[in-house]
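Next come the chains, spelled out residue by residue.
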Amino acid sequence: MKQIWTIAKRELSEFYNSLIAYILLIAFLGFTGFFTWLSGNGDIFFRKQADLQVFFSIANLTLFFFIPSITMKLLAEEKKVGTLELLLTKPVSDLQLVIGKYLAGLLMIVTALLLTIPYYVTVSTLGNFDHGASIAGYFGLILMSSAYIGIGLFASSISKNQIAAFIVALLIGVCFHFLFDIVSHSNSGLIAEIFDTLSLSNHFDSISRGVIDTKDLIYFLSVTFFALILAQFMVSKRN
Amino acid sequence: MNIVIDNLSKSYGNQKAVDGISFEVKTGEILGFLGPNGAGKTTTMKMITQYINADAGTIKIDNTPIANGNFRDNVGYLPEHNPLYQEMPVIDYLHFCAELQNVPKAEIPGQIKKMVRLCGLDREKHKKISELSKGYKQRVGLAQAMIHEPEILILDEPTTGLDPNQIVEIRELIKNIGKEKTVILSTHILPEVEATCDRILIINKGKIVADGTATTLRDQAQGNQIVKARIESESSENTKEALMNLPQILGVNIHDPHTHRFEIQSTSTVDACRSIFRLCQEKNWPILEMIPVETKLEDIFRDLTLN
């Protein structure tokens, strides 16, 4: 546990010492803020409802791009610079390394989401506000981020090239976010059901409506788990 | 801690990088790992440090196979090309490494201070690693490898990129550490091995081709021994003839007839020098110079690794 935290801590301090961190945070807050409050057609004032639905759907889409851009370097860079060798010859296992990186990624996203708390506070004073649904929405965003961070880490583990890692993460993301849903709609029977279960956006939608189902929980956790196991496998493939 | 390596092999695809090598390193010994590029030095070191697994063979530390024991706390490693986190300040980086190496929290600042002093990083300690010169980066790499005072130190080309003064310092440092610990270092700078190592291991194409001290390697080396001499006489041709008649002498080349320089090949340098001296005494030829030429490690190395 100590090793995992040491790795995560180093990663976080490097992230918050880099310009990219602030560009990404500003972009995230800028996008979500604009579409939640200012865009006119479709924003909170237009809908005349005191909820965070707009924010959740736009944050969902922003994080979809935001996450691969922070996960792309996590393992690819270590491989390229050779620091992977440095870490793994110290008392650090492959799995501890992957989990440390995952934890760092998750904490970066959680920080970004914490910065949107003012939205929550403001909207909750505007009218009849459903706290449960909104907290569930945040929870859903974190679960979804966790799955995408796992996928991003796996993408980062297959190559030394960060751009390749970014594109692979985005491609896998597109499958989970859009394609599986489309396939399930254009088919029927078992295939439709399988792809419906696999589609990440379906699970996210149901949580962001305020319903936390164990089925959705298991889905997000198992996507994360499998992605991390695959990433660990790719790291150990140096043999 | 003793390291015993038995029949270690590793292939990359069809290529055998390390092919059944066996050797031993004892506590208090500095082993120099020599070999041309691509001989398998780095691969062997990566296996000892458990970065990669061996295809076959065993590595034992104090009679325990490395896979079964927890030796990473006791191994310090400086990888080839010295990878570092360029964006981190030196102190933070050393702190990070100490934490990963399970140095007790209370001892970390003391250890960092000690390493900074030992490796001469005092003026650079607050700089980012990317701002350091190559030599200082190398020192950071060494400091990182020794921060937890490991029993075993494995250094892949520790002196590349250092200036001559630094090289001397680092060699002294390694020598001092090597008195109590087990050190394996690889290099292709031959004088370095002679200056620092107790034992030399030459590997070529994944196999060990020589194992011993610099002296034993010289003795094993084939070829005649050479004496360079400058003997004053009326005619260099006459001198050559007289020298050729001596029993131990195998051949004489006139190097330069005007300065009377000769290159004399013999079976044994010491005996040759004696008889040359007696001959010159007899003929009343002044000996201006007589230098036995040691077989250079370079020549031994070339002999063993070029075929």
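Below: a short report on this structure. Since this is a predicted model, take the numbers as computed values, not measurements. (Residues numbered from 1 in each chain as written. Chains lettered and ligands numbered in written order. Predicted model: local features only at pLDDT ≥ 70, side-chain atom pairs only at ≥ 80, totals over all residues.)

1. Comments concerning helix 8 (residues 131-157) of chain A
In a regular helix each residue adds 1.5 Å, so 27 residues correspond to 39 Å; helix 8 of chain A covers 39 Å between its end C-alpha atoms and thus fits that length. Within helix 8 of chain A, 20 of the 27 residues are buried, which leaves it mostly tucked inside the rest of the structure. (Helix = DSSP H or I, 4+ residues; strand = E, 2+ residues; numbered from the N terminus. Expected span 1.5 Å × (residues − 1). Buried ≥ 20, exposed ≤ 12 C-beta atoms within 10 Å, placed from the backbone.)

2. Looking at the sheet that holds strand 11 (residues 225-231) of chain B
The strands making up a sheet are joined through hydrogen bonds of the backbone, oriented either antiparallel or parallel. Residues and elements named next belong to chain B. Across the sheet, four strands lie side by side as 12-13-11-14; this open sheet has antiparallel pairing. Each edge of the open sheet is held by one strand with a lone partner, namely strand 12 (249-256) and strand 14 (287-293). Averaged over neighbouring strand pairs, the angle between their axes works out to 20° when direction is ignored. (Pairing = 2+ DSSP bridges. Axes fitted to C-alpha atoms, helices over the stretch in contact; angles between N-to-C directions.)

3. Observations regarding the interface of chain A and chain B
How large an interface is tends to be reported as the accessible area lost when its parts come together. Taken together, the contact pairs 17 residues of chain A with 18 residues of chain B. Contributing elements (two or more residues each) for the side of chain A that touches chain B: helix 1 (2-16) and helix 5 (83-88) of chain A. Considered class by class, the residues forming the side of chain A that touches chain B number five nonpolar, seven polar and five charged. (Contact = placed C-beta atoms within 7 Å. Nonpolar A, V, L, I, M, F, W, Y, C, P; charged D, E, K, R; others polar.)

4. Things to note about the nonpolar core
Residue and element names in this part refer to chain B. Counting 68 residues, the largest nonpolar core has Y93, L94, A143 and I154 as the members making the most contacts within it. Among the elements that take part in this core, helix 2 (residues 90-100) stands out by supplying seven residues, more than any other. With residues up to four places along the chain from it excluded, the contact list for L94 reads I112, M115, A143, Q144 and I147. (Core = buried A, V, L, I, M, F, W, Y, C linked by C-beta atoms within 7 Å.)

5. Comments concerning helix 12 (residues 214-236) of chain A
Residue and element names in this part refer to chain A. Taking 1.5 Å per residue, 23 residues should reach 33 Å; helix 12 reaches 32 Å between its end C-alpha atoms and fits that length. The complete set of buried residues in helix 12 reads D216, Y219, F220, V223, T224, A227, L228, A231, Q232, M234 and V235. Buried-residue contacts for helix 12 involve helix 4 (53-81), helix 6 (94-114), helix 8 and helix 11 (200-208).

6. Notes on unusual backbone geometry
For E149 of chain B, which is not glycine, the phi dihedral falls at a positive 45°. Following the sequence through the fold, E149 of chain B ends up in the loop between helix 4 (134-146) and strand 7 (152-156).

7. Concerning the pairing of strand 1 (residues 3-12) of chain B
Residue and element names in this part refer to chain B. Pairing geometry for strand 1 and strand 4 (residues 56-61), over five bridges, is antiparallel. Within strand 4, the residue paired with V4 across the bridge is K60. With antiparallel pairing between neighbouring strands as the criterion, strand 1 and strand 2 (residues 15-25) make up a hairpin whose turn holds two residues, including G13 at a positive phi of roughly 60°.

8. Focus on the environment of L113 of chain A
Residues and elements named next belong to chain A. Here L113 is to be found in helix 6. Its 18 C-beta neighbours within 10 Å are what place L113 among the partly exposed residues. Distance in space between the C-alpha atoms of L113 and L29 is 9.0 Å, their sequence separation being 84 residues.

9. Observations regarding the sheet that holds strand 9 (residues 199-204) of chain B
All names here are of chain B. Pairing is mixed across the open sheet formed by six strands, whose spatial order is 6-7-8-3-9-10. The open sheet is flanked by strand 6 (75-78) and strand 10 (207-212), the only strands paired with a single partner. The mean angle between the axes of side-by-side strands here comes to 15°, regardless of whether they run parallel or antiparallel. Note that strand 3 (residues 30-34) and strand 8 (residues 182-187) share five bridges and pair parallel. Among the inter-strand pairings, I30 is bridged to a residue of strand 8, identified as V183. Strands strand 6 and strand 7 of the sheet are contacted by helix 4, whose axis makes an angle of about 165° with strand 6.

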